[in-house]
Amino acid sequence: MEIFDYDNVLLLPRKCRVESRSECDAGVELGGRTFRIPVVPANMKTVVDEKICLWLAQNGYFYVMHRFDLDNVAFVREMHSKGAYASISVGVKKPDYDAVDQLAAEGQVPEYVTIDIAHGHADSVRNMIAHLKKKLPSAFVIAGNVGTPEAIIDLENWGADATKVGIGPGKVCITRMKTGFGTGGWQLSALKWCARVATKPIIADGGIREHGDIAKSVRFGATMVMIGSMLAGHEESPGETVDVDGRLFKEYYGSASDFNKGEYKHVEGKRILEPVKGKLADTLREMEEDVQSSISYSGGKKLMDVRKVNYVILGGDNAGEHLLM
């Protein structure tokens with residue numbers, strides 16, 4: 001199979017069919033709701049908090065709340081009390097099962113539940129999917145993370161409504177250095193590989209460094225793209241603000257880092273400082289405009305028209321640009 005990543009693939013334009021890029025619809029449907037853009041901020045403590053999730057829900061964006069030091073039941077209750085949809089993360093340990101049981105007992109059913117563990121192709125995930133489908137049958141279940149077609153097939157057969165693809169490609173993830181496994185360095189190719197067998201939506205998670213990578217992800221099979229570092233470091237972002245020689249930064253760390261775990265055990269993440277970027281709303285608006293531009297270059301009017309374009313792989317064994325029809 002071809003091995004490539006975001007930085008050595010370019011999409012090929014087709015004849016433009018719109019007079020203005022603003023005519024293009026960057027919206028996407030997931031779990032019965034339509035969202036403004038195919039982007040979801042990573043469910044990490046330094047990217048989202050309760051306030052940001054509420055703002056996202058009220059302004060037409062998809063979100064997934066993180067699962068660390070959080071009362072999921074109280075969170076769902078709070079979101080529903082404000083007329084917003086609830087989208088939570090769970091692990092696969094006893095407290096996660098207890099929270100699901102309590103949500104079911106109270107009739108507080110979250111619209112979306114993401115099973116969020118580092119290696120999602122596991123019996124523990126199969127068991128949690130079954131529990132969710134029994135206790136909260138109307139919830140849209142996203143399961144991950146995975147990186148192979150076999151895993152996609154299993155998770156879908158186990159009942160997942162969507163899968164999350166990406167093992168260690170994130171900016172603060174060091175899985176490939178610590179374990180020798182992962183999709184870091186070939187995440188886009190892994191996405192293409194997984195999408196070939198998927199019959200349900202895929203969320204591409206990690207490795208996004210530029211806005212154009214969103215369109216590339218959609219081209220190779222993603223319905224939604226999860227972004228961490230580019231959506232961290234905003235004025236509203238959680239995390240400490242740090243002054244370095246007069247410049248302001250926000251801390252950003254991986255979910256499997258010792259900063260998040262509170263101990264140095266099975267660490268697969270690190271902490272970095274992201275320059276403060278301004279307001280999250282401005283970045284999301286710019287992302288929407290850039291996705292609209294991508295759609296116009298694809299010769300389409302809707303997001304999924306991006307899937308129809310050809311592409312070139314740059315450099316390496318394909319030096320001189322190899323056209324793939």
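1. Focus on the pattern of salt bridges
Then, number 1: Here the structure, examined in full by the defined rule, presents 16 salt bridges.
Then, number 2: Two residues, E2 and K192, come together in a salt bridge whose shortest N-O distance is 2.7 Å. Of this pair, E2 sits in the segment before β1 (9-11) while K192 is found in helix α7 (residues 187-195), placing the two residues 190 residues apart along the sequence.
Then, number 3: With a relative accessible area of 29%, E2 lands in the partly exposed category.
Then, number 4: A relative accessible area of 16% places K192 in the buried class.
Then, number 5: We note a salt bridge from K135 to D101, for which the minimum N-O separation is 4.0 Å. Highlighted residues: K135 in helix α4 (residues 123-135) and D101 in helix α3 (residues 94-106), separated in sequence by 34 residues.

2. Quick notes on the nonpolar core
Then, number 1: Judged by nonpolar contacts, the single largest core of 90 residues is most densely connected at F62, Y63, I115, I227 and M287.
Then, number 2: Each residue touching F62, except ones within four places of it in the same chain, is listed here: L30, F35, V39, V40, P41, Y85, S87, Y112, I142, I203 and M224.

3. Examining α4
Then, number 1: Taking 1.5 Å as the rise per residue, α4 with 13 residues should run 18 Å; its terminal C-alpha atoms sit 18 Å apart, in good agreement.
Then, number 2: Residues V125, M128, I129, H131 and L132 constitute the buried set of α4. Here the buried residues of α4 occupy an arc of 165° about the axis, which is enough to place them on one side.
Then, number 3: On its buried side, α4 packs onto β5 (87-90), α3, β6 (112-116), β7 (140-146) and α5 (149-158).

4. What about the side chain of N8?
Then, number 1: As for its position among the elements, N8 is in the segment before β1.
Then, number 2: Only 2.8 Å separates the side chain of N8 from the backbone nitrogen of D5, close enough to count as a polar contact.
Then, number 3: In this structure N8 touches V312, I313 and L314, once residues within four positions along its chain are discounted.

5. Thoughts on the pairing of strand β11 (residues 241-244)
Then, number 1: Looking at chain direction, β11 and strand β12 (residues 247-253) are connected through four bridges and run antiparallel. Bridge pairing links V242 to F249 in β12.
Then, number 2: Between the antiparallel neighbours β11 and β12 lie two residues, among them D245 with a positive phi of about 55°.

6. Topic: the packing of aromatic side chains
Then, number 1: Applying the stated criterion to the full structure yields 13 aromatic pairs.
Then, number 2: Relative to Y311, the ring of F4 lies with its centre 6.0 Å away and its plane at 45°, an arrangement referred to as tilted. Of the two residues, F4 sits in the segment before β1 while Y311 sits in strand β14 (residues 311-313), which places them 307 residues apart along the sequence.
Then, number 3: On the accessibility criterion, F4 (1% relative accessible area) is buried.
Then, number 4: Taken together, the ring pairs in this structure connect F35, F62, Y63, F75, Y85, Y112 and F140 into an aromatic cluster.
Then, number 5: Here the guanidinium or amino end of R126 rests over the ring plane of W158, the centre of that ring lying 5.8 Å away.

7. A short note on the environment of K301
Then, number 1: For K301, the position within the fold is in the loop between α10 (280-297) and β14.
Then, number 2: A relative accessible area of 38% places K301 in the partly exposed class.
Then, number 3: In sequence terms K301 and A26 are 275 residues apart; their C-alpha atoms lie 8.6 Å from each other.
Then, number 4: Not counting residues up to four positions away in its chain, the partners in contact with K301 are R17, V18, E23, C24, D25 and I295.

8. Description of the side chain of D161
Then, number 1: Locating D161 in the fold gives a position in the loop between α5 and β8 (162-165).
Then, number 2: Of the polar contacts made by the side chain of D161, one reaches the side chain of K133; its length is 2.7 Å.
Then, number 3: With near-sequence residues (within four places) excluded, D161 lies in contact with K133, A139, F140, V141, K200 and P201.

9. Some words on the packing of helix α2 (residues 72-81) against α3
Then, number 1: The N-to-C vectors of α2 and α3 enclose an angle of 35°; their axes lie 9 Å apart at closest approach. Within the contact between the two elements, α2 uses N72, V73, V76 and R77 and α3 uses A99, Q102, L103 and E106.

10. Quick look at the environment of G168
Then, number 1: Relative to the assigned elements, G168 resides in the loop between β8 and α6 (175-179).
Then, number 2: Since its relative accessible area comes to 13%, G168 is described here as buried.
Then, number 3: When the C-alpha positions of G168 and V109 are compared, they lie 31 Å apart, and in sequence the two are 59 residues distant.
Then, number 4: Setting aside chain neighbours within four positions, we find G168 in contact with C173, T175 and G184.

Here is what the cut-offs are and how they apply
Residues numbered from 1 in each chain as written. Predicted model: local features only at pLDDT ≥ 70, side-chain atom pairs only at ≥ 80, totals over all residues. Heavy atoms only, no water. Salt bridge = Lys/Arg side-chain N within 4 Å of Asp/Glu carboxyl O. Helix = DSSP H or I, 4+ residues; strand = E, 2+ residues; numbered from the N terminus. Buried < 20%, exposed > 50% of the residue type's maximum accessible area, 1.4 Å probe, protein only. Core = buried A, V, L, I, M, F, W, Y, C linked by side-chain atoms within 4.5 Å. Contact = heavy atoms within 4.5 Å. Expected span 1.5 Å × (residues − 1). Arc of directions from axis to C-beta. Polar contact = N/O pair within 3.5 Å; in protein donor to acceptor, adjacent residues only side chain to side chain. Pairing = 2+ DSSP bridges. Phe/Tyr/Trp six-rings, centres within 6.5 Å; stacked < 30°, edge-to-face > 60°. Lys NZ or Arg CZ within 6 Å of the ring centre and 35° of its normal. Axes fitted to C-alpha atoms, helices over the stretch in contact; angles between N-to-C directions.

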